[in-house]
Amino acid sequence: MPGNSSRRGAVRKGNSRKGPQVGTGGHKRRSLEGKGPTPKAGDRPNHKAYKAAQKSEGGKPSGARRPQRSTKASGELIVGRNSVLEALRVGIPATALYVAGRIDSDDRVKESLKIAADEVIPIMEAQRPELDRMADGTPHQGLALQVPPYDYAHPDDLLNPEAPGTQLVVALDGITDPRNLGAILRSVAAFGGHGVIVPERRSAGMTAAAWKTSAGAAARVPVALAGNLTRTLNDFRKAGFFVIGLDMDGDVELPGLALATEPLVIVVGSEGKGLSRLVSETCDQIVSVPMSSAVESLNAGIAASVTLYEVARLRAQA
């Protein structure tokens, strides 16, 4: 029938779902064209072999999500313009200086930036909300200094017969104020000491406050970490050291210290409790610093400083 033949020969247009579409000529021809050899699995960015190779080489796979910037770092954070500047001035080791964007600069900020640049400390710009989180509510004034964890020595490192002069070491027993540790470090450096020993537990550690109080001495005097202070003191005794403890009720007064010229470990107890029982029993002598009856006791840092001075004086006279 004529009507049927004309319908069969007609081209469907518009939204027809069947038959050839307008303008599709050549699509099949292009789809049949060769695209070259198939790349190896390790060369295809979306293949797991490529991603595994990038990961093993330390690279980042193509198209991988960029990691979010982390504001939490290990170690300790010093915040505030005065604190940051003082820390930089005394040479506290730092891994980064964080500066708030659009900070109102003053002399403290300028000097902090200059010292950081001179010491090749990375200077990182951070938004104030980030600094607020890093400082955990402490006023930071737009500056924060990241301090890495302190690298403690081993007590055996202080058993060095080749060290110049007669060996002199200070051990802390129950001192929890890091400023006392910093002050003792400063005195040890001033009077020819060779190191400081601190217990792992219930003792001050090398925090930013200790670094600051030491006024740079912490960079020259090693601090060793003892798992058991009593055992460590016994090890020093076996190595030829004499161990003396400082206590207000000592049986020997400091000016008459006959052991001053021998290799010494001076143990300083806490201001409130003094020496612990086991440490006291380990000491060869308990030494007291004579003072006026109007004063009950000396600060631990001052007592250590007076003793170190007297030992240095007696050694110089020997």
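K.L.:
So what exactly am I meant to see when it comes to the sheet that holds strand E11 (residues 285-288) here?
P.N.:
On the basis of which strands lie adjacent, the open sheet formed by 7 strands has the order E7-E6-E5-E10-E8-E11-E9 and parallel pairing. Taken across any chain shown, the strands that pair with only one partner, and hence form the sheet edges, are strand E7 (223-226) and strand E9 (252-253). Two strands pair when backbone bridges link them, and strand E6 (residues 195-199) and E7 are joined in this way by 4 bridges, in the parallel orientation. Residue proline 199 lies in a different strand from E7, and its bridge partner there is alanine 226. Each of strand E5 (168-173), E6, E7, strand E8 (242-246) and strand E10 (264-269) touches helix H9 (residues 229-238); the most contacted strand, E5, lies at about 160° to it.

K.L.:
Looking at this structure, how should I read the side chain of histidine 194?
P.N.:
Looking at the element boundaries, histidine 194 is found in the loop between helix H7 (178-190) and E6. Within the local environment of histidine 194, its side chain forms a polar contact with the backbone oxygen of proline 164, the two atoms lying 2.8 Å apart. Setting aside residues no more than four positions away along its own chain, histidine 194 makes contact with Leu158, Ala163, Pro164, Gly165, Thr166, Gln167, Leu168, Val188 and Pro222.

K.L.:
Is there a simple way to explain the packing of aromatic side chains in this structure?
P.N.:
The description of an aromatic ring pair uses the distance of the two centres, along with the angle that the planes make with each other. According to the stated counting rule, one finds 4 aromatic pairs in the structure shown. With 6.1 Å between their ring centres and 65° between their planes, tyrosine 150 and tryptophan 211 make a pair best called edge-to-face. Here the residue tyrosine 150 occupies a position in the loop between strand E4 (143-147) and E5, and tryptophan 211 occupies one in helix H8 (residues 208-214), the gap between them amounting to 61 residues. According to the relative accessible area criterion, tryptophan 211 is buried, its value standing at 6%. Summarising the aromatic geometry, the rings of phenylalanine 236 and phenylalanine 241 are spaced 5.0 Å apart at their centres and angled 75° between planes, so their arrangement reads as edge-to-face. In this structure, phenylalanine 236 and phenylalanine 241 share a single accessibility class: buried.

K.L.:
Can you walk me through the packing of helix H4 (residues 81-89) against helix H5 (residues 107-118) in this structure?
P.N.:
In a packed pair of helices, the relevant descriptors are the angle between the two axes and the axis-to-axis distance. Two elements in contact, H4 and H5, have axes separated by 9 Å at closest approach and are oriented at 35°. In the crossing of H4 with H5, the sense of the turn from one axis to the other is left-handed. Contacts from Arg81, Asn82, Val84, Leu85, Leu88 and Arg89 in H4 reach Arg108, Val109, Glu111, Ser112 and Ile115 in H5. Of the residues belonging to the contact of H4 with H5, the class tally is 5 nonpolar, 2 polar and 4 charged.

K.L.:
Would you mind going over the packing of H7 against helix H11 (residues 300-317) with me for this structure?
P.N.:
Packing of H7 against H11 brings their axes to within 8 Å, and their N-to-C directions diverge by 10°. If you check the angle between H7 and H11, you find them roughly parallel. Across the interface between the two elements, Asn180, Ile184, Ser187 and Val188 from H7 touch Ala300, Gly301, Ala304, Ser305 and Leu308 from H11. A class-by-class count of the residues in the contact of H7 with H11 yields 5 nonpolar, 4 polar and no charged.

K.L.:
Could you clarify how one ought to interpret helix H6 (residues 128-135) in this entry?
P.N.:
Each full turn of the α-helix corresponds to 3.6 residues, which orients residues three or four apart in the same direction. Along H6, the residues that are buried comprise Glu130, Leu131, Met134 and Ala135. Take H6 and look down its axis: the buried residues cluster within an arc of 125°, on one side only. Those residues of H6 that are buried are in contact with strand E1 (76-79), strand E2 (96-100), strand E3 (123-126) and E4. Note on H6: the residue one or two positions beyond its end, aspartate 136, has a positive phi of about 55°.

K.L.:
Would you mind going over the layout of surface pockets with me for this structure?
P.N.:
Regions of empty space are outlined by a rolling probe, equal in size to a water molecule, passed over the atoms. Space inside the largest pocket adds up to approximately 500 Å³. Taken together, 19 residues line the largest pocket, and the ones lying closest to its centre are Asp173, Pro199, Arg201, Arg202 and Ser276. Looking at the lining of the largest pocket, the elements with two or more residues in it are H9 and helix H10 (277-282). Among the residues forming the lining of the largest pocket, the class breakdown is 6 nonpolar, 8 polar and 5 charged. The computed volume of the second largest pocket comes to approximately 330 Å³. Taken together, 18 residues form the lining of the second largest pocket, with Leu246, Asp247, Met248, Ser297 and Leu298 sitting closest to its centre.

How each quantity is defined
Residues numbered from 1 in each chain as written. Predicted model: local features only at pLDDT ≥ 70, side-chain atom pairs only at ≥ 80, totals over all residues. Heavy atoms only, no water. Pairing = 2+ DSSP bridges. Helix = DSSP H or I, 4+ residues; strand = E, 2+ residues; numbered from the N terminus. Contact = heavy atoms within 4.5 Å. Axes fitted to C-alpha atoms, helices over the stretch in contact; angles between N-to-C directions. Polar contact = N/O pair within 3.5 Å; in protein donor to acceptor, adjacent residues only side chain to side chain. Phe/Tyr/Trp six-rings, centres within 6.5 Å; stacked < 30°, edge-to-face > 60°. Buried < 20%, exposed > 50% of the residue type's maximum accessible area, 1.4 Å probe, protein only. Left-handed = near helix turned anticlockwise from the far one by under 90°. Nonpolar A, V, L, I, M, F, W, Y, C, P; charged D, E, K, R; others polar. Parallel < 35°, antiparallel > 145°, perpendicular 65-115°, else oblique. Arc of directions from axis to C-beta. 1 Å grid on protein atoms, 1.4 Å probe; cavity = no way out; pocket = protein on both sides within 12 Å on 5 of 7 lines; lining within 4 Å. Points joined across faces, edges and corners; volume = space filled by probe spheres on them.

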